[in-house]
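Reading the structure
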Amino acid sequence: MDIIEVENLSRKFDSLTAVDNVSFDVQKGEIFGFLGPNGAGKTTTISMLCTLLKPTSGSGRVNGYDIIRQRSEVRRSIGLVFQESSLDEYLTAQQNLLFHAYAYSIPRIERDSRIDYMLDLVDLKDRRRSKVSTFSGGMKRRLEIARGLLHEPKVLFLDEPTLGLDPQTRRHIWDHILELQRKHDLTIFLTTHYMDEAENCHRISIIDNGQIIALDSPEKLKDAIGGDLVTLKAEDNERAGQELVEKFNIKPVVDNGTVSFTVSEGERFIAGLLNGFDTRLVSINIRRPTLDDVFLKLTGRAIRDEEVGFKEQLKQMSRARRQHR
């Protein structure tokens, strides 16, 4: 059963196309990820699905409700954790959740028990009366996840859920997310540019420049590359690339100071390469493919790790509008 259905969805800002005719579906209980560089259209897509932005064209349904004609029903069906914290730091953890409970008209008889449950679930019960201003970044993110789930949504949207957190805190956050998903059969739609986060997804949609360029499970995406990944550095990388084409009929990717390509039986290939290669090699490495390699294969470049949040995207869109007036 599909809980999210998207067909030919686009969003334009004058001459700038942020999301370009994307179509996909998300199944109930699935962890579905949008993987791509910041600025690729991930946050804009989530903003349309959450009714924060109106599409230029196309359609979408969340929990059976149309994202344009049934905005209130969509909003009651979803929880949303933004890239940037939207907590009131002058209030306590409990007060932040209580305010959310009022906003979603959670019955008074259920209010306290739900707040207790969610705080316990994210290991913040003992800090319920602490002001959010005293919380670490990881604690704030856990509280936001608790708030997003307080009204028992059908879909939880996580927009770059661990952006800016250290690796240990990121792992801790993901332990909570996966536990929540298992306990509640929750559908999770997340955006990320972290490859290790994307590995937690049942399916991944790779998006770049506003377009979906691949969609499948992490393992199938990696299998589609085929063979082992060979990465080498030479005294002249361009010449090494040309020699691979001429002698071995291999078209490599020359990017970021390396030459990379995939071959079957990589170890055997390297033995032959070392015996008959004219360009002087500095180093050579062989390994199984990763999601980084998938992105490189599909786009011809490594994923851009640019910290461009939604506010910055809007600034870029505003500048584009002014330039084209």
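Every value quoted in this text rests on a predicted model; they were computed, and no experiment measured them.

Before going further, it helps to examine the side chain of aspartate 159. Take aspartate 159: it is sitting in strand β7 (residues 155-159). The side chain of aspartate 159 is buried and forms no salt bridge, while lysine 42, the nearest opposite charge, is found at 6.5 Å. At 2.5 Å, the side chain of aspartate 159 and the side chain of threonine 191 are in polar contact. Apart from residues no more than four positions distant in its own chain, aspartate 159 is found in contact with Thr43, Ile46, Val81, Phe82, Gln83 and Thr191.

Below, the discussion takes up the pattern of salt bridges. All chains considered together, the criterion is met by 24 salt bridges. A salt bridge links arginine 203 to aspartate 25, with the shortest nitrogen-to-oxygen separation between them at 3.4 Å. You can see arginine 203 sitting in strand β9 (residues 203-208) and its partner aspartate 25 sitting in strand β2 (residues 16-27), a full 178 residues away along the chain. Taking relative accessible area as the criterion, arginine 203 reaches 17% and is therefore assigned buried. The exposure class of aspartate 25 is partly exposed, given its relative accessible area of 29%. A salt bridge links lysine 247 to aspartate 278; the nearest nitrogen and oxygen atoms lie 2.9 Å apart.

Turning next to the packing of helix α9 (residues 237-248) against helix α10 (residues 266-276). Running from amino to carboxyl end, α9 crosses α10 at an angle of 105°, the nearest separation of the two axes being 13 Å. In terms of axis orientation, α9 runs roughly perpendicular to α10. Between α9 and α10, the contacting residues are Glu243, Leu244, Lys247 and Phe248 on the first element and Phe269, Leu273 and Gly276 on the second. Looking at the contact of α9 with α10, its residues break down into 4 nonpolar, 1 polar and 2 charged.

This part is about the sheet that holds strand β4 (residues 57-62). Pairing is antiparallel across the open sheet formed by 4 strands, whose spatial order is β2-β1-β4-β5. The sheet is open, and its two borders are formed by β2 and β5 (65-66), each paired with just one other strand. Against the sheet, helix α1 (residues 42-49) engages β1 (2-13), β2 and β4, with an angle of about 115° to β1.

Attention shifts here to α9. Here α9 is 12 residues long and its end C-alpha atoms lie 16 Å apart, about the 16 Å a rise of 1.5 Å per residue gives. Where α9 is concerned, the buried positions are Asn237, Ala240, Gly241, Glu243 and Leu244. All buried residues of α9 project into a common sector of 160° when viewed along the axis, lining one side. Turned more than 90 degrees from where α9 packs its buried face, Glu238 and Glu246 sit exposed. In this fold, the buried residues of α9 make contact with β11 (228-234), β12 (253-255), β13 (258-263) and α10.

To describe a pair of aromatic rings, you give the distance between the ring centres and the angle between the ring planes. Under the criterion given, the structure shown has 9 aromatic pairs. Here the aromatic rings of phenylalanine 32 and phenylalanine 189 are separated by 5.3 Å at their centres, their planes lie at 50°, and the arrangement is tilted. Taken together, the residues span a long stretch of sequence, with phenylalanine 32 in strand β3 (residues 31-35) and phenylalanine 189 in strand β8 (residues 187-192) at a distance of 157 residues. Take phenylalanine 32 and phenylalanine 189: they sit in the same class, and that class is buried. Their ring planes at 75° and their centres at 5.6 Å tell us that phenylalanine 261 and phenylalanine 269 sit as a pair that is edge-to-face. Residue classification places phenylalanine 261 among the buried positions, given a relative accessible area of 4%.

The rules behind the values
- Residues numbered from 1 in each chain as written.
- Predicted model: local features only at pLDDT ≥ 70, side-chain atom pairs only at ≥ 80, totals over all residues.
- Heavy atoms only, no water.
- Helix = DSSP H or I, 4+ residues; strand = E, 2+ residues; numbered from the N terminus.
- Buried < 20%, exposed > 50% of the residue type's maximum accessible area, 1.4 Å probe, protein only.
- Lys, Arg positive; Asp, Glu negative; His and termini not counted.
- Salt bridge = Lys/Arg side-chain N within 4 Å of Asp/Glu carboxyl O.
- Polar contact = N/O pair within 3.5 Å; in protein donor to acceptor, adjacent residues only side chain to side chain.
- Contact = heavy atoms within 4.5 Å.
- Axes fitted to C-alpha atoms, helices over the stretch in contact; angles between N-to-C directions.
- Parallel < 35°, antiparallel > 145°, perpendicular 65-115°, else oblique.
- Nonpolar A, V, L, I, M, F, W, Y, C, P; charged D, E, K, R; others polar.
- Pairing = 2+ DSSP bridges.
- Expected span 1.5 Å × (residues − 1).
- Arc of directions from axis to C-beta.
- Phe/Tyr/Trp six-rings, centres within 6.5 Å; stacked < 30°, edge-to-face > 60°.

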